[in-house]
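Tertiary structure, described
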Amino acid sequence: MMKQILQMKRVLVEVTDACNLRCRSCVSWTPRGHSFMTLKTFDTVLNKIVKAGFPKITLYWRGESLIHPKLPEMAKMAKDKGMQVSCRTSFASPLLSDEKWTEKLMSNLTSFRFNFDGYNQETLQKYRVGAKWSVVMKNLDVLSKVSAIPHTHAPPWMIQFSPRLDITMAVLMFRYNELNKQFFEDLVEKHNHRFELEYINPTILGKNVLTKQEASEWLAEDPKYRRYMKIPFNSLPEKWLFRGKIERRTRNHIWIHKSRPKCSSGVILIAVNGEVPCCSQDTHLQYSLGNIFKDSFKDIINSHSKLAYKLYHRQLSICKTICLCRQKKQWLTQQQALEQLQPVK
């Protein structure tokens, strides 16, 4: 059993379920509290993780971890116990503009991944609703200053004397970003290649029903980024969360979604209240595997094993109403997707 745990290698801990944004297809739209894990509680969780043998920890799940003022201390606590520590962020937290705070956080991380999803205020807030361009740009300057990470292709002598922190700037390839790739490449060059640039496929979830006008801005043309799929009307749930409101389906609502053939869920996640969901899409904890404060990792893994088959074949209710990936690939080109879209009434 412990061998199975170790094969997972990484555990994600939600240090807060609060967020300062409302991104278009983020689980932050789900109703929940705005709790912040205390250092004492985090220490209890961390000790159990270390005892179970996990070598890596990611401080991230539903909330925006970088609005937690004690995040640098949490990263240091994990690092001091010999763990590899990583963080992910939407990069819109004002705390990152504090140079001392950011320097303390980065000094305790193994890897850091941030999203940079626009080239001005207008495009940034298309997806990162609530984000401020001035804050994002300030954060980038501060991060560049405190990290001093050379590009992967830098000469060996430069890499030898560089910190071991791995920083990645991820850009969601919506069409408006796809048409401005040069902006992001110039931005990385301006900051002396201190972070890697990665273009990634966006996931357009059901709460992002698109009109034809929106789709022309959102769906990328490059084959590498246009893995979209139409979900048949009858497969849609009768009600779902759409831009913060519960909507009832109609035939005019068309779902476009990036698909994977099988579920790859297998990472242990720990919510801010200690609950362990079956997968990252189980935002309402409908299939909780247990609670870290009451149950052992052995019990949690046993619970996961009982659901593993249904998760792999996407047979749980959340697979159909939230995740909506299908076992059969039905990729659409941008033009095919546009032809099937209808205006939302």
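Everything here concerns the structure above.
I will try to describe carefully the structure that is included in this document.

The rules behind each value
Residues numbered from 1 in each chain as written. Predicted model: local features only at pLDDT ≥ 70, side-chain atom pairs only at ≥ 80, totals over all residues. Heavy atoms only, no water. Helix = DSSP H or I, 4+ residues; strand = E, 2+ residues; numbered from the N terminus. Buried < 20%, exposed > 50% of the residue type's maximum accessible area, 1.4 Å probe, protein only. Contact = heavy atoms within 4.5 Å. Areas by Shrake-Rupley, 256 points an atom, 1.4 Å probe, with all protein chains shown as cover. Pairing = 2+ DSSP bridges. Axes fitted to C-alpha atoms, helices over the stretch in contact; angles between N-to-C directions. Core = buried A, V, L, I, M, F, W, Y, C linked by side-chain atoms within 4.5 Å. Arc of directions from axis to C-beta. Polar contact = N/O pair within 3.5 Å; in protein donor to acceptor, adjacent residues only side chain to side chain. Expected span 1.5 Å × (residues − 1). Salt bridge = Lys/Arg side-chain N within 4 Å of Asp/Glu carboxyl O. Right-handed = clockwise from strand over helix to strand, strands pointing away.

Focus on the overall build of the protein
- When its secondary structure is counted, the protein shows 13 helices and eleven strands.
- By residue count, 51% of the 345 residues in the protein fall in the buried class.
- Here the contacts in the protein between residues at least 6 apart in sequence split such that 75% fall between residues at least 24 apart.
- Summed over its atoms, the accessible surface of the protein is roughly 16,300 Å², and 51% of this surface lies on carbon and sulfur atoms.

Digging into the sheet that holds strand β3 (residues 84–89)
- The sheet built from seven strands is open, its strands ordered β6-β5-β4-β3-β2-β1-β11 with parallel pairing. Of all strands in the sheet, those with a lone pairing partner are β6 (196–200) and β11 (268–270), marking the two edges. Averaged over all pairs of adjacent strands, the angle between their axes in this sheet comes to 20°, without regard to strand direction.
- Sheet topology places strand β1 (residues 10–13) next to β11; three bridges connect them, and they run parallel. Of the residues in β11, the one forming a bridge with V11 is I268.
- Relative to the sheet, helix α9 (residues 181–190) contacts β5 (166–172) and β6, its axis offset from that of β6 by approximately 160°.

Re the pairing of β5
- For β5, the buried fraction is high: six of the seven residues fall into the buried class.
- Note: strand β4 (residues 111–115) against β5, five bridges, orientation parallel. What sits directly across from F114, in β5, is M169.

Let's talk about unusual backbone geometry
- Located in the positive-phi region is F91, a residue other than glycine, with phi close to 75°.
- Structurally, the position occupied by F91 is in the loop between β3 and α4 (99–106).
- In this model, N192 sits at a positive phi of 60°, which is unusual for a non-glycine residue.
- Residue placement: N192 occurs in the loop between α9 and β6.
- Residue classification places N192 among the partly exposed positions, given a relative accessible area of 49%.

Some remarks on the nonpolar core
- By size, the foremost hydrophobic cluster in this structure holds 77 residues, and its most contacted members are I57, L59 and F112.
- Sort the elements by how many residues they give to this core and helix α6 (residues 133–147) lands first, with six residues.
- Filtering out sequence-adjacent residues up to four positions away, L59 remains in contact with V13, V15, F42, S65, L71, M74, A75, V85, S86 and C87.
- If you look at the next biggest cluster of nonpolar residues, it comprises five residues, including L12, W61, L269 and A271.

Some points on α4
- When we look at burial in α4, the residues that qualify are W101, T102, L105 and M106. The buried residues of α4 all sit within an arc of 125° when viewed along its axis, so they share a single face.
- Considering only its buried residues, α4 is in contact with α3 (71–80), β4 and α6.
- The backbone nitrogen of K100 has a side-chain oxygen 3.1 Å away, supplied by the residue at the start of α4, namely D98.

Concerning helix α2 (residues 39–52)
- Over its 14 residues, α2 runs 20 Å from end to end, which matches the ideal 20 Å to within 8%, given 1.5 Å per residue.
- Considered for burial, the residues of α2 that qualify are F42, V45, L46, I49 and A52. Burial along α2 is one-sided: seen end-on, the buried residues are contained in an arc of 120°. Of the exposed residues in α2, those oriented more than 90 degrees away from the buried face are K40 and K51.
- Trailing α2 by a residue or two, G53 shows a phi angle of about 95°, which is positive.

Remarks on the environment of T110
- For T110, the location among the structural elements is in the loop between α4 and β4.
- For T110, a relative accessible area of 32% puts it in the partly exposed group.
- Distance from T110 to M83, taken between C-alpha atoms, is 9.0 Å for residues 27 residues apart in sequence.

What to know about the pattern of salt bridges
- Under the defined criterion, the tally for this structure stands at seven salt bridges.
- The salt bridge partner of R113 is E198, with a shortest N-O separation of 3.1 Å. Within this pair, whereas R113 is found in strand β4, its partner E198 is found in strand β6, the two being separated by 85 residues in sequence.
- Linking D117 and R128 is a salt bridge whose minimum nitrogen-to-oxygen distance equals 2.8 Å. Here D117, found in the loop between β4 and α5 (121–127), pairs with R128, found in the loop between α5 and α6; they are eleven residues apart in sequence, far enough to count as distant.

Some words on the pairing of strand β2 (residues 56–59)
- As defined by bridge partners, β1 adjoins β2 across four bridges and the pair is classed as parallel. Bridge pairing in β2 links R10 to K56.
- Both β2 and β3 contribute to a ladder of four bridges, which runs parallel. Directly across from K56, in β3, lies its bridge partner Q84.
- Taken together, β2, α3 and β3 constitute a β-α-β crossover, and its handedness is right-handed.

Remember, this is a structural readout, not a statement about activity or role.
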